[in-house]
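Chain residues, written in single-letter form:
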Amino acid sequence: MSALLDVRNLKVRFAMPKPSLFAPQPYLEAVRGVSFTLEKGRALGIVGESGSGKTTAAMATIRLVPAAGGEILFEGDDLLPLDDEAMRARRRDIQLIFQDPYSSLNPRARVVDIVREPMDLMGIGDADSRLQRVKELFDLVGLRPDQLNLFPHQFSGGQRQRISIARALTTNPKLLVCDEPVSALDVAIQAQILNLLARLKRELGLSYLFISHDLGVVRHLCDDVAVMYLGQIVEQASREALFDSPKHPYTQALLAAAPSLARRKSKGYVRPLKLSGDPPSPINPPKGCAFVERCPMAQEVCRREQPVLKACGPSQVACHFAAA
Amino acid sequence: MSDETTLQQPTEYQAESPALEAWRMFRRNIPALVGVALLTVIVLATLYGTFIYSGDPFEIVWAPHEPPGMTPEFPLGTDYLGRDIIAGMLTGGGPTLAVGAVAAAITMVIGIAMGALAGYYGGWVDNLLMRVTEFFQVLPALLFAMVLVTLLSPSLFTIAFAIGVVSWPQTARLTRAEFLKIKNLEYVTAARAIGARDKRIIWTVILPNALPPLIVSATLTIGVAILFEAGLSFLGLGDPNVMSWGLMIGANREYILDAWWPVTFPGLAIFFTVFAVSLIGDGLNDAFNPKLRER
């Protein structure tokens, strides 16, 4: 089976203000060479703390943020060299769900028009079939047809996220990029939306690129998980491998930091690794391993050499000391 | 899946066009309705008042500075040349309002176009357009308008044009600020993600959301334009062949200490016009804001 999405060595950087007129242009290296593949019908979760570049990587993947280098192979075609018109045509296959359901819907448009707009833009169908499709989508995501003519502000957060999902599904995309789609919602509503996403994946054969900082959410929905730290993937594995036997010390610390009720009293309880300090600045990323300042097993080599992703059991890990 | 069913109570809803809904909202706004009534009276008076009360505003009909209420033929008195003030007010309103409306329209068209392009594209487009805007902003507006009117010969349209040319920078800056704010919101990114082109994003996604402050600013601009026209006429740069409220004030201001009425009545007319237009602007702002609408 060939990959639906194959991202190779993706780089994104943002120009920073120059300190003086003749100084070299400083850059913020937001994504520093990220590679991942996503098979059809699967969900890849990208986790990481704020500022790890996970959202930027996703936005660059769908060319809403310009990439500085790399390849983005979607169904075998590189998206990066496409001109604007050609990219526009591919957008019907790649759609997006946003984090904040309050700012992702145009407040001056009726929801029927919001969901229909992709068809208007892509020239799909005629007026009748578009309306029909909007009704189908409403049904699919659990909204009522009598809500078609309302405005976004008349809906709750969870309902707005359903509208957002309906809009993303309008053009029958193959890939959905979900940028923290539930983190702005109440926990009870989170479960509803996650279940909806899981059902849509099953029924429509969708693939997800799922950005989240919430490990529980990723565990619930994703087949594979990539952990990002300072613009790089430090560990990539199947859900089972990652959650059962995390290899990278950062992944271990992340998992240990997830709150749990029973573990302290259970047998074989190991005190979790505690992370202190902050990640280094992405403006002048360190030469060696980015995690070195916070890592409990850091050695001299970690400062000198940047570890690359290599196979370690079933996982891919970027650590000099990862043990299978 | 049972956990996905929405628990919301069904609400009664009838589909309405946005304009109809805005009107429904507007109708409940009493100050705005007062504004509409006031403006209607003013417009009707200036359009049809001369059919009921005919008189040439330029003709000398009585002794100068006849106070109001003293002579039944001229209830508001006469000015320094003995011209009928009511006739002046009724015939002068039309040109005054027309200049205000046309100047505001010119201001809005130039200002919104410049501000939208500068705010949306940023970078060198923004730099270029904003330097142009600043150039017009640092010109002394009144002097520049006077030069324009002098060069182009004073007619109603050139006066409106001159006012528009000196007033648009503010609108441009306001539009730019709104665009800068809105262009980074997620629904704009969403529009881009579904393949909307820049043109569509600028005019159908961002502009409607940037409109509320612009509508208010447009109505204020009508007021400012009316005052500006008054100022130009006051300085003797009005169209001398067309009576306007500003011309009346300008012509009579020298004698304001001897006779208050030839200046006060057109002044009040300008005040009430600007006031009515502002009330309407506020009402429109509320009516077009869906967040303030009730279900």
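All of these numbers come straight from a predicted model, not from anything done at the bench.

The biggest cluster of nonpolar side chains holds 157 residues, and the ones touching the most others in it are Phe210 and Val227 of chain A. For this core, the element with the highest residue contribution is helix α3 (residues 85-121) of chain B, accounting for 15 residues. Looking at which domains feed residues into this core, each of domain 1 (3-16 + 26-229) and domain 2 (245-324) of chain A supplies at least three. With sequence-adjacent residues up to four places away left out, Val227 of chain A is seen in contact with Val47, Gly48, Ile233, Val234, Glu235, His248, Tyr250, Thr251 and Leu254 of chain A.

Residue and element names in this part refer to chain A. Relative to strand β4 (residues 69-74), strand β1 (residues 3-15) is paired through five bridges, and the arrangement is antiparallel. In the strand pairing of β4, Arg8 is matched with Glu71. Examined bridge by bridge, β4 and strand β5 (residues 77-78) share two bridges and lie antiparallel to one another. Bridge assignment links Leu73 to a residue of β5, and that residue is Asp78. Linking β4 back to β5 in an antiparallel pair, the connection comprises two residues, with Glu75 at a positive phi of about 50°.

A few words now on the environment of Asn106 of chain A. With respect to the helices and strands, the residue Asn106 of chain A is situated in the loop between β6 (94-97) and α3 (111-122). The class of Asn106 of chain A is buried, set by 25 C-beta atoms lying within 10 Å. The residues contacting Asn106 of chain A, other than those within four sequence positions of it, are Ile114 of chain A together with Tyr187 and Val205 of chain B.

Before going further, it helps to examine helix α9 (residues 245-252) of chain B. Extensive coverage of α9 of chain B is indicated by the burial of eight of its eight residues. In this structure, the buried residues of α9 of chain B make contact with α3, α8 (198-234) and α10 (261-287) of chain B.

Here we take up the packing of helix α6 (residues 156-182) of chain B against α8 of chain B. All names here are of chain B. One can describe the packing of α6 onto α8 by two numbers: an axis separation of 9 Å at closest approach and a directional angle of 155°. Put simply, α6 runs roughly antiparallel to α8. In the crossing of α6 with α8, the sense of the turn from one axis to the other is right-handed. Counting all contacts with α6, which are made through Ile159, Ile163, Ser167, Thr171, Leu174, Thr175, Glu178, Phe179 and Ile182, the residues of α8 involved are Ile206, Asn209, Ala210, Pro213, Leu214, Ser217, Thr221, Val224, Ala225, Phe228, Glu229 and Leu232. Looking at side-chain class alone, the contact of α6 with α8 contains 13 nonpolar, six polar and two charged residues.

Turning next to the packing of α3 of chain A against helix α4 (residues 127-141) of chain A. All names here are of chain A. With their axes 9 Å apart at the nearest point, α3 and α4 run at an angle of 120° to one another. By the angle class used here, α3 and α4 are oblique. Here the hand of the crossing between α3 and α4 comes out right-handed. Counted together, Val112, Val115, Arg116 and Met119 of α3 and Arg130, Arg133, Val134 and Leu137 of α4 form the full contact between these two elements. A breakdown of the residues in the contact of α3 with α4 according to their chemical character gives five nonpolar, no polar and three charged.

With that settled, consider the domain arrangement of chain A. All names here are of chain A. Each domain of chain A was delimited in the assignment, giving domain 1 (3-16 + 26-229) and domain 2 (245-324). The interface is formed by 11 residues belonging to domain 1 together with 12 residues belonging to domain 2. Listing elements by their share of the side of domain 1 that touches domain 2, those giving two or more residues are β2 (27-39), α7 (215-221) and β9 (224-229). It is β2 that provides the largest number of residues to the side of domain 1 that touches domain 2, a total of four residues. Taken together, the residues of the side of domain 1 that touches domain 2 break down into seven nonpolar, two polar and two charged.

Definitions and limits used
- Residues numbered from 1 in each chain as written.
- Chains lettered and ligands numbered in written order.
- Predicted model: local features only at pLDDT ≥ 70, side-chain atom pairs only at ≥ 80, totals over all residues.
- Core = buried A, V, L, I, M, F, W, Y, C linked by C-beta atoms within 7 Å.
- Buried ≥ 20, exposed ≤ 12 C-beta atoms within 10 Å, placed from the backbone.
- Helix = DSSP H or I, 4+ residues; strand = E, 2+ residues; numbered from the N terminus.
- Domains from an automatic or database assignment.
- Contact = placed C-beta atoms within 7 Å.
- Pairing = 2+ DSSP bridges.
- Axes fitted to C-alpha atoms, helices over the stretch in contact; angles between N-to-C directions.
- Parallel < 35°, antiparallel > 145°, perpendicular 65-115°, else oblique.
- Left-handed = near helix turned anticlockwise from the far one by under 90°.
- Nonpolar A, V, L, I, M, F, W, Y, C, P; charged D, E, K, R; others polar.

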